[in-house]
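One-letter residues, chain by chain:
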Amino acid sequence: MAEHFGRSGLKYPPKVVPPSQILTNQPNLRLPPNLQPLRFPSHVHANDISPMAKAVCDILVSAPPGEIETALDSTEIPANPILVEEVLKYSYNYPASAVKFFRWAGQKHKHSAIAWNLMVDLLGKNQAFEQMWDAIRSMKKEGALSMATFASVFSSYCGAGRVSEAVMTFDVMDQYGIQQDTVAVNSILSAICAEDMQTTRASEVYDRIKGKIPPDEDTFAILLEGWEKEGNVDKAKNTFGEMVVRVGWSSQNLSAYDAFLTTLVRGSHAEEAIKFLQVMKGKNCFPGLKFFSTAFDILSKSNDSHNCILLRDIMVSSGLMPNLFMYNQMIGLLCNNDDTDNAFRLLDEMVLHGAFPDSLTYNMIFECLVKNKKVRQAAKFFIEMIKNELPPTHSNCSMAISMFFDGDDPETGVDIWNYMIDNRFSHLDASANALLLGLCTLGRFSELRKFAEDMFDRRISIYESTREKLKDALYKAGRRSAMDTYDFLSRRWRA
């Protein structure tokens, strides 16, 4: 047995050790010097830990290593399996003390398979691989080994950047009585793909073993999620094609479809993703809401309104309804491209699909109307916003007031200001200055004076730039009413 594992290349193959020396043949646990302390959840911040487990954890943290067992004996806490499992979950930050506790508890009762798996995981995550293999050997003697044990080992090796040893462990796991089946393949692939830029390595492992161990839907979903993370469109296409050939189409394989299509959209292949969507629809296979939400976000950031609408049409025609967040993403994108017609179309339909517009929805459309100087539509839409109790933001109000005065609809501009006052808006300065400049431009000096007096009473700030513009305009007007207005404003500014 030792010779077999020596050929496998594993640094710490199992050895024959007497049961009395299980986890004791390494009295001083040696950990890699580059490990950062407190990388794992601590019992100090756990809300669901039991008082007994917390007391044990406190001992493991504070007691000197040579006194841990004596300190544990003095507590008279019963070392039952449930307590051991709970303590181990919060002992990853102090593995040497955890080993002492595990050995102490093992003298009082037989450990559960869960406790053994936790110990293997704790040692592996702390890169104490020699002791981890000691524990695995002990588990074999106890008959406690399972696929979960090896999934933990794969994860620990890969997390430590030792993918080769994870693969070697897979190669020898059948010597421990654990079958190298599809679940095992998926476990090793998942562990490798979880690490950055390692999907090619996972693909190589898959290619080597796919002839003797058949893949399933999860196998391809794992690889496709890896290609998605790395943004490798070509590899994703190859894997997706092989998946269709080997396992066919399945309406349950959502994660694979989500990952593949997201890779295409994120890789600037939205048109191709839409073509695949149409094929999937014909096969009664479709991605989930996760893909559509991600895709709308990507298309929004790339300002691709055309493909966004195509994607939405396919989605709705397949019976999937966008939620409020998705509708806001689409409407925001359309408004950024000044496509108010489609924005209003989505606004009208979203209620029918159970997604009720919120303040953001209305304000994006209102802002688009204002920026494009669509005076009549903006005035009508402002009334609808007030009716639905979703008023414009203060920034949209200030822009709208200026637009309405410039667009020969000063009354709506004044209505917006009055609405802000009546509803006690904060941040009134920008809108107030826009109103004064608008009234001055139209020569409505008596109204300007009335509003300005109210603004002074409210301690609203009149910008220096606004004062200069008002001064120039009022002097140029030359009328007595204009001069009186300026004199009034000048006195209040000096007050």
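Being a predicted model, the structure only gives us computed values, none of them experimental.

> Describe the overall build of the protein, naming the residues involved and giving the relevant values.
Looking only at helices and strands, the protein features 27 helices and zero strands. Computed over its C-alpha atoms, the radius of gyration of the protein comes to 35 Å, more than 25% above the 23 Å expected for a compact globule of 495 residues. For the protein, the C-alpha atoms occupy an extent of roughly 110 × 60 × 35 Å along the three principal directions. Per-residue burial over the protein gives 51% buried out of 495 residues. Within the protein, contacts between residues separated by at least 24 positions form 67% of all contacts whose residues are at least 6 apart in sequence. Side chains of the protein give 53 positive and 60 negative charges; the mean places of these two sets differ by 3 Å.

> Describe unusual backbone geometry, and please don't skip the residues or the numbers.
Unusually for a residue other than glycine, Glu-389 sits at a positive phi of about 60°. On the secondary structure map, Glu-389 appears in the loop between helix H21 (375-387) and helix H22 (394-406). By relative accessible area, Glu-389 is classed as exposed at 67%. We note that Arg-459 has phi near 60°; this positive angle belongs to a residue other than glycine.

> Lay out helix H7 (residues 129-142) in plain terms, naming residues and giving numbers.
In this model H7 runs 20 Å from its N-terminal to its C-terminal C-alpha over 14 residues, within 8% of the 20 Å that 1.5 Å per residue would give. All of the buried residues along H7 are Phe-129, Glu-130, Gln-131, Met-132, Trp-133, Asp-134, Ala-135, Ile-136, Arg-137, Ser-138 and Met-139. At its buried positions, H7 is contacted by helix H6 (113-125), helix H8 (147-159) and helix H9 (163-172). Phi turns positive, to about 70°, at Gly-143, one or two residues after H7.

> Please provide a residue-by-residue account of the packing of H9 against helix H10 (residues 182-193), values included.
The interhelical angle for the contact between H9 and H10, taken along N-to-C directions, is 175°, at an axis separation of 11 Å. Here H10 runs roughly antiparallel to H9, going by the angle between their axes. Of the residues in H10, those in contact with Val-163, Ala-166, Val-167 and Phe-170 of H9 are Ala-184, Val-185, Ile-188 and Ile-192. Grouping the amino acids of the contact of H9 with H10 by side-chain chemistry returns eight nonpolar, no polar and no charged.

> Account for helix H4 (residues 81-89), with residues named and values stated.
Among the residues making up H4, those that are buried are Leu-83, Val-84, Glu-85, Glu-86, Val-87 and Leu-88. Buried residues belonging to H4 abut helix H2 (51-62), helix H5 (95-106) and H6. Where H4 begins, the side chain of Asn-80 points an oxygen toward the backbone nitrogen of Ile-82, at a separation of 3.2 Å.

> Account for the environment of Thr-340, naming residues and giving values.
Examined against the element boundaries, Thr-340 turns out to sit in helix H19 (residues 340-352). When its relative accessible area of 2% is taken as the criterion, Thr-340 is described as buried. Separated by 218 residues in sequence, Thr-340 and Leu-122 have C-alpha atoms that sit 57 Å apart. When residues no more than four places from it in sequence are discounted, the contact partners of Thr-340 are Cys-368, Leu-369 and Lys-374.

> Provide a residue-level description of the state of the cysteines, including the pertinent values.
Scanning all chains against the criterion turns up zero disulfides. The closest cysteine sulfur to the non-disulfide-bonded Cys-397 is located on Cys-335, 17 Å from its own sulfur.

> Which residues make up the environment of Asp-472, and what values do they have?
Position of Asp-472 relative to the elements: it lies in helix H26 (residues 464-477). A relative accessible area of 42% means that Asp-472 is categorised as partly exposed. Remark: the alpha-carbon pair of Asp-472 and Ile-82, spanning 390 residues in sequence, is separated by 83 Å.

> Outline the pattern of salt bridges, listing residues and values.
When their charged atoms lie close together, side chains carrying opposite charge are able to pair. Throughout the structure, instances matching the rule amount to 20 salt bridges. Residue Arg-137 is joined to Asp-134 by a salt bridge in which the shortest nitrogen-to-oxygen separation is 2.8 Å. One end of the pair is Arg-137 and the other is Asp-134, both in helix H7 and three residues apart, which spans about a single turn. Neither residue differs from the other here; Arg-137 and Asp-134 are each classed as buried. Ionic pairing is found between Arg-312 and Asp-313, a salt bridge with its closest N-O pair at 2.3 Å.

> Hey, could you go over the packing of helix H18 (residues 324-336) against H19 for me, with residue numbers and the actual values?
Two measures define how a pair of helices packs: the angle their axes make with one another and the distance between the axes. The contact between H18 and H19 brings their axes to 9 Å, and the two run at 165°. One element, H18, and the other, H19, form an angle in the roughly antiparallel class. The handedness of the crossing between H18 and H19 comes out as left-handed. Between H18, through Leu-324, Tyr-327, Met-330, Ile-331, Leu-334 and Cys-335, and H19, the contact on the second element is made entirely by Asn-342, Ala-343, Leu-346, Leu-347, Glu-349 and Met-350. Partitioned by chemical class, the residues of the contact of H18 with H19 number 10 nonpolar, one polar and one charged.

> Could you give an account of the packing of aromatic side chains, with specific residues and numbers?
Tallied over the full model, the rule gives 22 aromatic pairs. Between the aromatic rings of Phe-286 and Phe-292, the centroid separation amounts to 5.7 Å while the plane-to-plane angle is 35°, which identifies the pairing as tilted. In this structure Phe-286 comes out as buried when scored by relative accessible area, which is 13%. For Phe-292, a relative accessible area of 0% translates into the label buried. Between Phe-366 and Phe-382, the aromatic rings sit 6.5 Å apart at their centres with planes inclined by 35°, giving tilted as the arrangement. With Phe-366 in helix H20 (residues 359-371) and Phe-382 in helix H21, the pair connects residues that are 16 residues apart, well separated along the chain. Both residues of the pair, Phe-366 and Phe-382, belong to the buried class. One aromatic cluster is present, built from ring pairs that chain together Phe-240, Trp-249, Tyr-257, Phe-260 and Phe-276. Lys-450 extends its terminal NZ or CZ atom over the ring of Phe-451, reaching a point 4.7 Å from the ring centre.

Reading guide: rules and limits
Residues numbered from 1 in each chain as written. Predicted model: local features only at pLDDT ≥ 70, side-chain atom pairs only at ≥ 80, totals over all residues. Heavy atoms only, no water. Helix = DSSP H or I, 4+ residues; strand = E, 2+ residues; numbered from the N terminus. Rg over C-alpha atoms; globule rule 2.2 N^0.38 Å. Buried < 20%, exposed > 50% of the residue type's maximum accessible area, 1.4 Å probe, protein only. Contact = heavy atoms within 4.5 Å. Lys, Arg positive; Asp, Glu negative; His and termini not counted. Charge placed at Lys NZ, Arg CZ, Asp CG, Glu CD. Expected span 1.5 Å × (residues − 1). Axes fitted to C-alpha atoms, helices over the stretch in contact; angles between N-to-C directions. Parallel < 35°, antiparallel > 145°, perpendicular 65-115°, else oblique. Nonpolar A, V, L, I, M, F, W, Y, C, P; charged D, E, K, R; others polar. Polar contact = N/O pair within 3.5 Å; in protein donor to acceptor, adjacent residues only side chain to side chain. Disulfide = S-S within 2.5 Å. Salt bridge = Lys/Arg side-chain N within 4 Å of Asp/Glu carboxyl O. Left-handed = near helix turned anticlockwise from the far one by under 90°. Phe/Tyr/Trp six-rings, centres within 6.5 Å; stacked < 30°, edge-to-face > 60°. Lys NZ or Arg CZ within 6 Å of the ring centre and 35° of its normal.

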